[in-house]
Amino acid sequence: MSRPVLAASIAVFRDGKVLLAQRGKAPARGLFSLPGGRIEPGERMAEAVLRELHEEVGLKAEIAGFVDHVEHIEHGPDGALLAHAVICAFAGHWTGGEAMISHEAEALLWVDPLDPGDLPMTRGLPDILRKAHRLITRGTGQAA
């Protein structure tokens, strides 16, 4: 790995729940996270996250806003760098499609963003879910 990967993810809200995807490949295989993936050269972050959402889980969404960035750095038992990604997290409203598993998402769950349970999750995900929920409900006083 010569440099960090730039990626984007999205907290998609539907009927007050947010979609989590169990990662089907490294890094963080087996952990629940938000759908997303790499930003391609020349692609805007918002375009990339909506493309990845559709490719990975079959959903369409409208972006409500930027939530935060997350740095994922993973080392092997010998200390070697296995992964380094900077992930731009967005929040959005579901607009179409039904969630489907794929080689990138082994399982999908719609969960309460403020109480996702004790799922094995990527580091920092509960905080991102709280921030995304605040963004989605800000000013409306209503559930997502």
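Throughout, a residue's number is its position along its own chain's written sequence, starting from 1. Residues qualify for local features only when their pLDDT is at least 70, as the model is predicted, and side-chain atom pairs are given and counted only at 80 or more; totals for whole chains, interfaces and linings, by contrast, use all residues. Side-chain metrics rest on all non-hydrogen atoms present in the structure, leaving aside hydrogens and water.

Student: Looking at this structure, I do not really get the pairing of strand β2 (residues 17-23). What am I missing?
Tutor: Buried means the residue's accessible area, taken with a 1.4 Å probe over protein chains only, is under 20% of the maximum for its type, while exposed means over 50%, and partly exposed covers the values in between. Put simply, DSSP marks the helices as runs of H or I at least four residues long and the strands as runs of E at least two long, and each gets a number from the N terminus on. Taking burial as the measure, the 7 residues of β2 include 5 buried ones, the bulk of the element. Here the rule is simple: two strands pair whenever DSSP picks up at least two bridges between them. Bridge count for strand β1 (residues 5-14) against β2 is 2 bridges, and the pairing is antiparallel. Within β2, the residue paired with Phe13 across the bridge is Val18. The antiparallel pairing of β1 with β2 creates a hairpin that spans 2 residues between the two strands, and Asp15 there sits at a positive phi of about 50 degrees.

Student: Sorry if this is basic, but what is going on with the side chain of Glu104 here?
Tutor: Its place among the elements puts Glu104 in the loop between β6 (81-96) and β7 (105-111). Setting aside anything within four residues of it in sequence, one finds Glu104 in contact with Gln22, Arg23, Gly24, Lys25, Gly36, Glu52 and Glu56. Any two residues having at least one pair of non-hydrogen atoms within 4.5 Å are treated as being in contact.

Student: What should I look at first to understand the pattern of salt bridges in this one?
Tutor: Close approach of charged atoms allows side chains with opposite charge to pair. What makes a salt bridge here is a side-chain nitrogen of Lys or Arg within 4 Å of a carboxyl oxygen of Asp or Glu, nothing more. Within the structure shown, the criterion is met by 8 salt bridges. The partner of Arg14 in a salt bridge is Glu98, and the shortest N-O contact between them spans 3.2 Å. Residue Arg14 is located in strand β1, and its partner Glu98 is located in the loop between β6 and β7; the two are separated by 84 residues in the primary sequence. Between Arg51 and Glu55 there is a salt bridge, with the nearest N and O atoms lying 3.1 Å from each other. Of the two residues, Arg51 and Glu55 are both situated in helix α1 (residues 45-57); the distance of 4 residues between them amounts to about one turn of the helix.

Student: How should the packing of aromatic side chains be read in this particular structure?
Tutor: For any pair of aromatic rings, the description rests on two quantities: the centre-to-centre distance and the angle between the ring planes. By convention, a stacked pair of Phe, Tyr or Trp rings (six-membered ring in the case of Trp) has centres within 6.5 Å and planes under 30 degrees apart, an edge-to-face pair has planes over 60 apart, and any other such pair is tilted. The final tally for this structure, using the stated rule, is 1 aromatic pair. Relative to Phe90, the ring of Phe66 has its centre 5.7 Å away and its plane inclined at 80 degrees; by these criteria the two rings are edge-to-face. Of this pair, Phe66 sits in strand β5 (residues 60-75) while Phe90 sits in strand β6, and the two are 24 residues apart along the sequence. Judged by relative accessible area, which is 43%, Phe66 ranks as partly exposed.

Student: What am I meant to see in the environment of His54 here?
Tutor: Of note, His54 is situated in helix α1. Residue classification places His54 among the partly exposed positions, given a relative accessible area of 41%. As for His54 and Met100, which are separated by 46 residues in sequence, their C-alpha atoms are 9.7 Å apart. In this structure, His54 is in contact with Leu59 and Lys60, ignoring residues within four places of it in sequence.

Student: Help me out: how do you make sense of the pairing of β1 in this one?
Tutor: In summary, the side chains of a regular strand alternate between the two faces of the sheet. In terms of burial, β1 is largely enclosed, as 8 of its 10 residues are buried. Pairing geometry for β1 and β6, over 9 bridges, is parallel. Residue pairing in the sheet places Ile10 in a bridge with Phe90 of β6. The sheet contact formed by β1 and strand β4 (residues 36-38) spans 3 bridges and is antiparallel. Residue Ala8 lies in a different strand from β4, and its bridge partner there is Gly37.

Student: Just to check I follow, could you spell out the environment of Gly42 for this structure?
Tutor: Inspection of the secondary structure puts Gly42 in the loop between β4 and α1. Considered as a pair, Gly42 and Pro120 are 78 residues apart in the sequence and their alpha carbons are 34 Å apart.

Student: I tried to follow α1 on my own but got confused; where do I start?
Tutor: Since there are 3.6 residues in each turn of an α-helix, residues three or four apart along the chain are aligned in direction. Compared with an ideal rise of 1.5 Å per residue, which puts 13 residues at 18 Å, α1 spans 18 Å between its outermost C-alpha atoms and is within 8% of the ideal. Among the residues of α1, those classed as buried are Ala48, Val49, Glu52, Leu53, Glu56 and Val57. On an axial view of α1, the arc spanned by its buried residues comes to 135 degrees, and they lie on one face. As for α1, its buried residues are in contact with β1, β2, β4, β5, β6 and β7. Backbone geometry just downstream of α1 places Gly58 in the positive-phi region, at approximately 80 degrees. Expected helix span is given by 1.5 Å per residue-to-residue step, counting one fewer step than there are residues. The arc refers to the directions leading from the helix axis to the C-beta atoms.

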